[in-house]
Amino acid sequence: SDVCSSDLLRLNVAIGRYNPFQVDNNLARMAVVPDLRVQGHLHLPILMGRAHVEEGEITYQNKQFEIEKGVIDFTNPYRTEPTVDIEGTAQIRSWKVKLFISGPPEALDVRLSSDPHLEDQDILSLLVLGRTSQDLIRGEGGSPVSTPKLLASLMDSSYGERFRRTTGIDILEAQTLPGENADDPERVRLTIGENLTRRLTVKYATESQRGL
């Protein structure tokens, strides 16, 4: 016969643990309890079932969110495809920020909410800069914060530091400049550079012409 014996062998193997196994990487630390089965054929095994996240933390925008609820489902009968549903909470200043992550790994849906309520852009600003737009406005004496100033704040925050580490750039600076005329919007000068030696540094700077 041309049919391999492995094509006829169907799998139905239970996977379980009395103690949770640990997931520990740069994105998450989780204790996971599996309730899974290996099904399909020997040459194409498929994982089915659900794994519960018993406890752990997930990292988002360099902040640690304690996992309050978490499940990982394997429901696709044709291939092993996890779908996650995780909720986490972080206390940032006087706000309790909730993080919701759902969907398959290649198309995750990430949502944020806060108590007391903040708009989405304020929550993100709170995570990245540690300040809301109202804080930034107060810092400007009650004037609205321009996009160049917000960009400069981002470069000075931990976000800018992570970008430098990721790209290998030694210098990354954003500076706000007044418009050429009184009615012109502020400009922003972005400078990147590399320290070639202790005495030699190469820098490149560019400016926006009419604001951002």
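Thresholds, definitions, all that
Residues numbered from 1 in each chain as written. Predicted model: local features only at pLDDT ≥ 70, side-chain atom pairs only at ≥ 80, totals over all residues. Heavy atoms only, no water. Salt bridge = Lys/Arg side-chain N within 4 Å of Asp/Glu carboxyl O. Helix = DSSP H or I, 4+ residues; strand = E, 2+ residues; numbered from the N terminus. Buried < 20%, exposed > 50% of the residue type's maximum accessible area, 1.4 Å probe, protein only. Polar contact = N/O pair within 3.5 Å; in protein donor to acceptor, adjacent residues only side chain to side chain. Contact = heavy atoms within 4.5 Å. Patch = residues over 30% accessible without salt bridge, like charges linked within 9 Å, V, L, I, M, F, W, Y side chains within 5 Å. Areas by Shrake-Rupley, 256 points an atom, 1.4 Å probe, with all protein chains shown as cover. Lys, Arg positive; Asp, Glu negative; His and termini not counted. Charge placed at Lys NZ, Arg CZ, Asp CG, Glu CD. Core = buried A, V, L, I, M, F, W, Y, C linked by side-chain atoms within 4.5 Å.

S.K.: So what exactly am I meant to see when it comes to the pattern of salt bridges here?
M.R.: Between side chains of opposite charge, pairing is possible as soon as their charged atoms come close. By the definition in use, this model includes 7 salt bridges. For Lys69, the salt bridge identified is with Asp85, shortest N-O distance 3.6 Å. Of the two residues, Lys69 is situated in strand β5 (residues 63-74) and Asp85 in strand β6 (residues 82-92); the sequence distance between them amounts to 16 residues. Arg111 serves as the salt-bridge partner of Asp109, at 3.6 Å between the closest nitrogen and oxygen. According to the relative accessible area criterion, Arg111 is partly exposed, its value standing at 44%. Look at the salt bridges and you will find they share partners, linking Glu68, Lys69, Asp85, Glu87 and Lys98 into a network.

S.K.: I keep staring at the side chain of Thr89 and nothing clicks. Help me out?
M.R.: Locating Thr89 in the fold gives a position in strand β6. Thr89 gets classed as buried once you look at its relative accessible area, which sits at 13%. Only 3.0 Å separates the side chain of Thr89 from the side chain of Glu68, close enough to count as a polar contact. When sequence neighbours within four positions are dropped, the list of residues in contact with Thr89 reads Gln64, Phe65, Glu66, Glu68, Lys96, Val97 and Lys98.

S.K.: How should I be thinking about a negative patch on the surface in this particular structure?
M.R.: Together, Glu54, Glu55, Glu57 and Glu66 make up a region of like negative charge exposed at the surface. With 3 residues, the single largest contributor to the negative patch is strand β4 (residues 44-60). Following the sequence through the fold, Glu54 ends up in strand β4.

S.K.: Is there a simple way to explain the environment of Asp24 in this structure?
M.R.: Residue placement: Asp24 occurs in strand β2 (residues 21-24). A residue is classified by how much of its surface remains accessible, and Asp24, at 62% relative accessible area, is exposed.

S.K.: Mind showing me how you'd approach a nonpolar patch on the surface here?
M.R.: Side chains of Leu196, Leu200 and Val202 sit close together on the surface and give an oily, nonpolar patch of about 270 Å² of accessible area. Mapped onto the elements of the fold, Leu196 is located in the loop between β10 (187-195) and β11 (201-207).

S.K.: Would you mind showing me how to read the environment of Phe21 here?
M.R.: For Phe21, the position within the fold is in strand β2. For the pair Phe21 and Val53, spaced 32 residues apart in the sequence, the C-alpha separation amounts to 9.8 Å. The contact partners of Phe21, leaving out residues within four places of it in the chain, are Met30, Ala31, Val32 and Pro34.

S.K.: Where do I start with the nonpolar core in this structure?
M.R.: One broad rule of soluble globular proteins: the nonpolar side chains tend to lie buried together. Ranked by internal contacts, the top residues of the largest apolar core, which has 24 residues, are Met30, Phe65, Val97 and Leu127. Elements represented by at least two residues in this core include exactly β3 (28-41), β4, β5, β6, β7 (95-103) and α2 (120-129). The residues contacting Val97, other than those within four sequence positions of it, are Phe65, Gly88, Thr89, Ala90, Ile92, Leu112, Ser113, Ser114, Ile123, Leu126 and Leu127.

S.K.: Where do I start with unusual backbone geometry in this structure?
M.R.: A negative phi angle characterises most non-glycine residues, just as the trans form characterises most peptide bonds. The omega torsion of the bond from Asp115 to Pro116 falls at 0°, within 30 degrees of zero and hence cis. Following the sequence through the fold, Pro116 ends up in the loop between β8 (109-115) and α2. In this model, Asn62 sits at a positive phi of 65°, which is unusual for a non-glycine residue. We classify Asn62 as partly exposed; its relative accessible area is 42%.

S.K.: It is not clear to me how α2 should be interpreted in this structure. Could you clarify?
M.R.: Think of an α-helix as 3.6 residues a turn; residues three or four steps apart then line up on the same face. Counting buried positions along α2 yields 7 of 10 residues, so the element is predominantly enclosed. When we look at burial in α2, the residues that qualify are Asp122, Ile123, Ser125, Leu126, Leu127, Val128 and Leu129. Looking one or two residues beyond α2, the residue adopting positive phi is Gly130, at roughly 80°.

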